[in-house]
Amino acid sequence: MDLDAFNELLTPRGQRALAEAGELTGADPVAAATRMRRTYDAALTSAALTQAGLRVRARAKFGADAGEMYFTPHGLEQSTRAEVAGHRARRVVAAHHLGPRVMDACCGVGGDLIALARAGCAVSAVDVDPLTVAVARANAHALGPAGRVTVSVADAATVRPEDHDVLFADPARRTGRGRTFDPMAYSPPWPVVLDLVSRAAKACLKVAPGIPYEFIPGDAEAEWVSYKGEVKEATLWTGHGDGGGRRATLLPGGHSLAATGVQATAGPVGRYVYEPDGAAVRAHLVGEVAEMVNGRLLDPMIAYITADDPVDTPWAARYEIADVLPFSLKKLRATLRERKIGNVTIKKRGSAVDIERLRTDLRLNGDMSAVIILTRIMDKPSVLICDVPPPA
């Protein structure tokens, strides 16, 4: 989809084509294209069908709003889930008495600028790609409030964060070879991002959850965000008075946990094993979670906690331990057969075992279910057989 084809989608004729394409979602692609070509040219047909397909994919991130929005494939992939963007926008606004002026230096298709505008911010946004800017403008117009948003074509390196209350930046994490995990390969690259941050009164940077810790500025609060148990991203906050701390946030519940410096010690296996949420693990808050459940680590280097009592917490999944074995395929297979376990959920931390290969090698047979945890206990390869927890 090029810029001309996208702009035609915004015309009355293009809107009719998009509506028809939406009705054909799920149909055979060739049949859908053939039907639409009876009325529309090839470029508009392709743009409408592409956009309709992207809207379907976008529902997981944007819910009902996806039906009114516009996307590019890369823009949708990198866009922020609406719940996460809303959480971040609320934090931005909470730090100001009045709606802050925000510079969105890498706006993409506009998911974050929409959340910021809806929260009360006045947003000036830029992106270097003209098509992406056109998409972001269309989304701001569709979901608004468009009067609080301006979107321009510009290189992020040329913006002046000092003219705004807050800098927001979501540097692109894709190269010609695909997704990159190296901040130096971001666009704009990390030194440019840090220069913008150094000139901003306050800054909020969206980064990959696996960002190497050495790239996190010492004065930034690093926040890892998990949505329904899956770590989605990290956000670096500077100038918000939080110093250089670490924080984890769980959505949609809104639970937040900050580092207190508590350290968990290792100890004997108890009745339960707790699996901390990935956001707490990435934020190095396993000690804080262990304190919540009055627990200890199974191994000093592994983020599994064991405890004697059941404690309900949103910060960890709890499993009751039925058996603890030194890892041995033969012994594990025999134990599962003895217990008539034919269905297993396999988890692992600190284990090199290939899960799918193990599932095949176990040759499961039985009506019972279990959770199998492969890990190390005091540096020894071990396996925990746990009862399946009841539904939440």
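Shown above is the structure to which this text applies.
To keep things clear, this report deals only with the structure shown in the data block. Each chain carries its own residue numbering, running from 1 in the written order of its sequence. Where local features are concerned, this predicted model is filtered to residues with pLDDT of at least 70; where side-chain atom pairs are given and counted, the filter is 80 or more; whole-chain, interface and lining totals use all residues. Based on all heavy atoms of the structure, the side-chain values leave hydrogens and waters out of the count.

## Quick notes on empty space enclosed by the protein
Link 1 in the chain: A cavity here means a set of 1 Å grid points, computed over protein atoms only, where a 1.4 Å probe fits but cannot escape. A pocket is an open set with protein on both sides within 12 Å along at least 5 of 7 lines, and lining residues have an atom within 4 Å of a point. Grid points are joined across faces, edges and corners, and a volume is the space filled by probe spheres set on the points. In this structure the tally under the stated criterion is one cavity of 30 Å³ or more.
Link 2 in the chain: Of the voids in this model, the largest cavity is the one considered here, and its volume is about 40 Å³.
Link 3 in the chain: Along its surface, the largest cavity is lined by Glu77, Gln78, Arg173, Arg174 and Arg179.

## Structural notes on the packing of helix H3 (residues 29-37) against helix H4 (residues 42-62)
Link 1 in the chain: Interaxial angle, 0 to 180 degrees, is taken between N-to-C directions of lines fitted to C-alpha atoms, where a helix line uses only the stretch in contact. What counts as a helix is a DSSP run of H or I of at least four residues, what counts as a strand is a run of E of at least two, and both are numbered from the N terminus. At a closest axis distance of 9 Å, the pairing of H3 and H4 adopts a crossing angle of 135°. Between H3 and H4, the angle falls in the class oblique. For the pair H3 and H4, the crossing hand works out as right-handed. Packed against H3, whose contacting residues are Ala32, Ala33, Met36 and Arg37, the element H4 presents Ala42, Thr45, Ala48 and Leu49 at the interface.
Link 2 in the chain: Each residue is assigned to one of three groups, with Ala, Val, Leu, Ile, Met, Phe, Trp, Tyr, Cys and Pro labelled nonpolar, Asp, Glu, Lys and Arg labelled charged, and all others, Gly among them, labelled polar. For the contact of H3 with H4, a count of residues per class yields six nonpolar, one polar and one charged. For classification purposes, angles smaller than 35 degrees are called roughly parallel, those larger than 145 roughly antiparallel, those between 65 and 115 roughly perpendicular, and all remaining angles oblique. Each crossing gets its handedness from the near helix: less than a right angle anticlockwise from the far helix is left-handed, clockwise is right-handed. When checking whether two residues touch, look at their non-hydrogen atoms; a contact exists if any pair is within 4.5 Å.

## Concerning the pairing of strand S1 (residues 101-104)
Link 1 in the chain: For two strands to be treated as a pair, DSSP must find no fewer than two bridges joining them. The sheet contact formed by S1 and strand S2 (residues 122-127) spans four bridges and is parallel. Note that in S2 the partner of aspartate 104 across the bridge is alanine 125.
Link 2 in the chain: With helix H7 (residues 111-118) bridging S1 and the parallel S2, this β-α-β connection has right-handed handedness.
Link 3 in the chain: Here S1 pairs with strand S4 (residues 166-169) via three bridges, running parallel. Within S4, the residue paired with valine 102 across the bridge is valine 166. When the strands point away from the viewer, a crossover counts as right-handed if the route from the first strand across the helix to the second turns clockwise.

## Things to note about the side chain of serine 226
Link 1 in the chain: With respect to the helices, strands and loops of the structure, serine 226 is situated in strand S8 (residues 221-227).
Link 2 in the chain: Exposure is judged per residue with a 1.4 Å probe applied to protein chains only, and the accessible area is read against the type maximum: over 50% gives exposed, under 20% gives buried, and values in between give partly exposed. Under the relative-accessibility criterion, serine 226 is labelled buried at 1%.
Link 3 in the chain: The definition of a polar contact used here is a pair of N or O atoms within 3.5 Å, where within protein one atom must be able to donate a hydrogen and the other to accept one, and adjacent residues in sequence count solely through side-chain atom pairs. Engagement of the side chain of serine 226 in a polar contact is seen with the backbone nitrogen of glutamate 230, the distance being 3.3 Å.
Link 4 in the chain: Beyond its immediate stretch of four places on either side in the chain, serine 226 contacts Val231, Lys232, Thr249, Leu250, Leu251, Asp277 and Ala279.

## Describing the pattern of salt bridges
Link 1 in the chain: Whenever a carboxyl oxygen of Asp or Glu lies within 4 Å of a side-chain nitrogen of Lys or Arg, that contact is scored as a salt bridge. Going through the model one piece at a time under the given rule, you end up with 24 salt bridges.
Link 2 in the chain: The residue arginine 91 makes a salt bridge to glutamate 223 at a minimum N-O spacing of 3.1 Å. Of this pair, arginine 91 sits in helix H6 (residues 82-94) while glutamate 223 is found in strand S8, placing the two residues 132 residues apart along the sequence.
Link 3 in the chain: For glutamate 223, a relative accessible area of 1% gives the class buried.
Link 4 in the chain: In this structure, the salt-bridge partner of glutamate 230 is lysine 232, at a minimum N-O distance of 3.4 Å.
Link 5 in the chain: Among the residues examined, glutamate 230 registers a relative accessible area of 46% and is labelled partly exposed.

## What to know about the nonpolar core
Link 1 in the chain: Nonpolar cores are built from buried Ala, Val, Leu, Ile, Met, Phe, Trp, Tyr and Cys residues. Side-chain atoms within 4.5 Å join them into one set. Formed by 50 residues in total, the largest nonpolar core has its most connected members in Phe6, Phe71, Leu113 and Val151.
Link 2 in the chain: The element that contributes the greatest number of residues to this core is helix H8 (residues 130-143), accounting for eight residues.
Link 3 in the chain: If near-sequence neighbours (up to four positions away) are discounted, phenylalanine 6 is found in contact with Met1, Gln51, Tyr70, Leu131, Ala134, Val135 and Ala138.
Link 4 in the chain: Counting 45 residues, the second largest nonpolar core, distinct from the first, contains Val126, Ala169, Val286 and Trp315.

## What about the sheet that holds S1?
Link 1 in the chain: Read across the open sheet, the nine strands follow the order S3-S2-S1-S4-S7-S9-S8-S10-S11; overall the sheet is mixed. One side of each edge strand has no neighbouring strand; the edge strands of this open sheet are strand S3 (149-153) and strand S11 (255-258). If you compare each strand with its neighbour and ignore which way they point, the axes differ by 20° on average.
Link 2 in the chain: Two strands pair when backbone bridges link them, and strand S10 (residues 246-251) and S11 are joined in this way by four bridges, in the antiparallel orientation.

## Structural notes on the layout of surface pockets
Here the idea is plain: a probe the size of a water molecule rolls over the atoms and shows the empty space left.
Link 1 in the chain: Roughly 610 Å³ of volume is contained in the largest pocket.
Link 2 in the chain: Around the largest pocket, the lining is made up of 31 residues, and of these Gln78, Gly108, Asp127, Thr132 and Ala172 lie nearest the centre.
Link 3 in the chain: Counting residues per element, the ones that place at least two in the lining of the largest pocket are helix H5 (73-78), H7, S2 and strand S5 (174-175).
Link 4 in the chain: Among the elements that take part in the lining of the largest pocket, H5 stands out by supplying three residues, more than any other.
Link 5 in the chain: When its residues are assigned to classes, the lining of the largest pocket shows 12 nonpolar, 12 polar and seven charged.

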